[in-house]
Amino acid sequence: MYRTKINNLIQWKLSAKRKPLIFLGARQVGKTYLIQEFGKSEYKQVAYVNFERPNAPKNLFETDFDADRIVTVLNAYCNMKIDADSTLIVFDEIQAAPKGITALKYLYEDAPQYHIIAAGSLLGVNIHPDESFPVGKVDFMRLYPMSFYEFLLAMGETGIAELLEKRDWVNLTFFNNKLINLLRYYLYVGGMPEAVQEFVENRDWQQVRNIQKQILQSYRNDFSKHAPKEILPRINMVWDSIPAQLGKENKKFMYGVIRKGARAKDFEMAIQWLTDAGLLHKVYDASKYAVPLISYQEQSNFKLFHNDVGLLGAMSGLNAATIVNGDAIFEEFKGSLSENYVFQQLMQNENLSIFYHTFDNSKYELDFLVQTKENEIIPIEVKAGENLVAASFKLFCQKHHPKQAIKTSLTDYKRESWMTNVPLYIIGNFSLNS
């Protein structure tokens, strides 16, 4: 399945300032598959080592960090002659090799001619207390679950995907009904590659749900494997509360939803652990419409979004029958699937800083307040279905006069004097810098 991140990998390969690349992402988002596809298409051979395999040379870096010795061992293990120009060296599950992350610094300094990618889950790499991290000596790249655009390509809808890529909003309106139907599918299936592959091949809703449940169980197993034992119960409690947190009218994270009387100090470490692991994403309330938004973020006010809308639906017990029930899926759990979907698409653009905004009376909130790399601030309102514009959104725009304001819903693309309506299926490809 095509992943747009392969273009970033090609840029990394061609860069004159290339360093060993640490390729990060939550488990099962497709890191290994993409790296191997990249290796097949861009190199003559791939020297691949998965350090979680029983026969892997886990002690490869414990003796010393001598590049010649390391390459000699890899030649024997991979049964090939590694050539610096035509071989991609892949250290998969790098966190399972003692001193593996530290070794990347020395490989960069002593053998920069080699093309090296170290892959690992955020659970293992970010939460790795025994390593000296090679700051300034490595490049970073992060892979997320598949976007709706990538889902369209996997479904064979290359023509529609091309229109999205070209941002041909006029011609896309001819496919509005089809796109909304495909979006319904995506809200159920999500972007985990194994679930997408199952749906593409068999259209088996139940098997998709089984795969999602297996992924969720594997996450729980990772909690037990990697998390400090003293906060493990609280990690599980925070994780289990996410559907209820996002199902509220006000989606601000509330400790009382976890359990009555819960306080921030009891759960902040658990929340930090889950966000470090890339399974949840914290979006702060920005109290002021001003650049930079990060200067005005309210540390105690935030939302926690799920890494994948399909997994969120699985945790929420979403029934596949909802897919055929008109637009009900967009309004399930008070629109939490739609809002999490929008966040998941915006998250793919790492040039954006994503916040939300609570109005002075705290009764209403702006779903997203996004700052671009050009320091433009764009308010975004998410509407499940074809609802009218909220009065609070219009008042916000009248007060601050943003250059660009977006309402995203199921309504057709339409540019008005003060805002642009962007269909939900377009939001991931819509330029937030134009």
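Structure report, in brief. (Residues numbered from 1 in each chain as written. Predicted model: local features only at pLDDT ≥ 70, side-chain atom pairs only at ≥ 80, totals over all residues. Heavy atoms only, no water.)

Turning our eyes to something else, we now look at the overall build of the protein. When you go through the protein residue by residue, the secondary structure sums to 18 helices and 13 strands. Over its C-alpha atoms the protein spans a radius of gyration of 23 Å, differing by no more than 12% from the 22 Å that the globule rule assigns to 434 residues. Oriented by its inertia axes, the alpha-carbon framework of the protein measures out at about 65 × 55 × 45 Å. Scored against the burial criterion, the 434 residues of the protein give a buried share of 56%. In the protein, the share of contacts with a sequence separation of at least 24, taken over all contacts with a separation of at least 6, comes to 69%. Counting every atom, the protein has about 18,900 Å² of accessible surface; 47% of that belongs to carbon and sulfur. Charge centroids of the protein, computed over 49 positive and 49 negative side chains, lie 4 Å from each other. (Helix = DSSP H or I, 4+ residues; strand = E, 2+ residues; numbered from the N terminus. Rg over C-alpha atoms; globule rule 2.2 N^0.38 Å. Buried < 20%, exposed > 50% of the residue type's maximum accessible area, 1.4 Å probe, protein only. Contact = heavy atoms within 4.5 Å. Areas by Shrake-Rupley, 256 points an atom, 1.4 Å probe, with all protein chains shown as cover. Lys, Arg positive; Asp, Glu negative; His and termini not counted. Charge placed at Lys NZ, Arg CZ, Asp CG, Glu CD.)

With 7 of 10 residues buried, strand E7 (residues 297–306) is to be regarded as a mostly interior element. Relative to E7, strand E6 (residues 280–286) runs antiparallel, the two being bridged by 7 bridges. Bridge pairing in E7 links aspartate 285 to glutamate 298. (Pairing = 2+ DSSP bridges.)

In the structure shown here, the tally under the stated rule is 30 aromatic pairs. Each ring, one from phenylalanine 51 and one from phenylalanine 61, has its centre 5.9 Å from the other, and the planes form 55°; the classification is tilted. Placement of the pair is phenylalanine 51 in the loop between strand E2 (45–50) and helix H3 (67–78) and phenylalanine 61 in the loop between E2 and H3, with a sequence separation of 10 residues. What makes phenylalanine 51 buried here is its relative accessible area of 0%. Given a relative accessible area of 1%, phenylalanine 61 falls into the buried group. Connected via pairs of aromatic rings, a cluster forms that spans Phe148, Phe151, Tyr185, Tyr186, Tyr188, Phe199, Trp205 and Tyr341. (Phe/Tyr/Trp six-rings, centres within 6.5 Å; stacked < 30°, edge-to-face > 60°.)

All right, on to the side chain of glutamine 297 then. Within the secondary structure layout, glutamine 297 lies in strand E7. You can call glutamine 297 buried: its relative accessible area is 19%. Discounting chain neighbours no more than four positions away, the residues touching glutamine 297 are Tyr284, Asp285, Ala286 and Phe355.

Between its terminal C-alpha atoms helix H9 (residues 176–189) stretches 20 Å, which fits the 20 Å expected from 14 residues at 1.5 Å a residue. Of all 14 residues in H9, 11 are buried, a share of seventy percent or more. If you check which residues of H9 are buried, you get Asn176, Leu179, Ile180, Leu182, Leu183, Arg184, Tyr185, Tyr186, Leu187, Tyr188 and Val189. Of the residues trailing H9, glycine 190 is marked for its positive phi of about 75°. (Expected span 1.5 Å × (residues − 1).)

This part is about the sheet that holds strand E5 (residues 139–142). The strands that make up a sheet pair up through hydrogen bonds in the backbone, lying either parallel or antiparallel. Strands sit in the order E2-E3-E4-E1-E5 across an open sheet of 5 strands; the sheet is parallel. Either end of the sheet is taken by a strand with one partner, and the two such strands are E2 and E5. The sheet shows a mean angle of 20° between the axes of neighbouring strands, taken without regard to direction. As judged from the 4 bridges shared by strand E1 (residues 21–25) and E5, these two strands associate in the parallel manner. Residue pairing across strands places isoleucine 22 opposite phenylalanine 140, the latter belonging to E5. Strands E2 and strand E3 (87–92) of the sheet are contacted by H3, whose axis makes an angle of about 95° with E2. Here helix H4 (residues 100–110) sits on the sheet in contact with E1, E3 and strand E4 (115–121), set at roughly 170° to E4. (Axes fitted to C-alpha atoms, helices over the stretch in contact; angles between N-to-C directions.)

Membership of the largest hydrophobic core comes to 121 residues, with the highest contact counts inside it found for Phe23, Phe148, Val238, Tyr341, Leu346 and Phe368. Per element, the largest residue contribution to this core is 9 residues, and it comes from H9. Apart from the residues lying within four places of it in its own chain, the contact partners of valine 238 are Phe253, Ile258, Phe267, Ala270, Ile271, Leu274, Leu280 and Leu304. Membership of the second largest hydrophobic core comes to 30 residues, among which are Ile22, Phe61, Met80 and Phe91. (Core = buried A, V, L, I, M, F, W, Y, C linked by side-chain atoms within 4.5 Å.)

Within the secondary structure layout, leucine 395 lies in helix H18 (residues 391–400). In this structure, the C-alpha to C-alpha distance between leucine 395 and lysine 414, residues 19 residues apart in sequence, is 19 Å.

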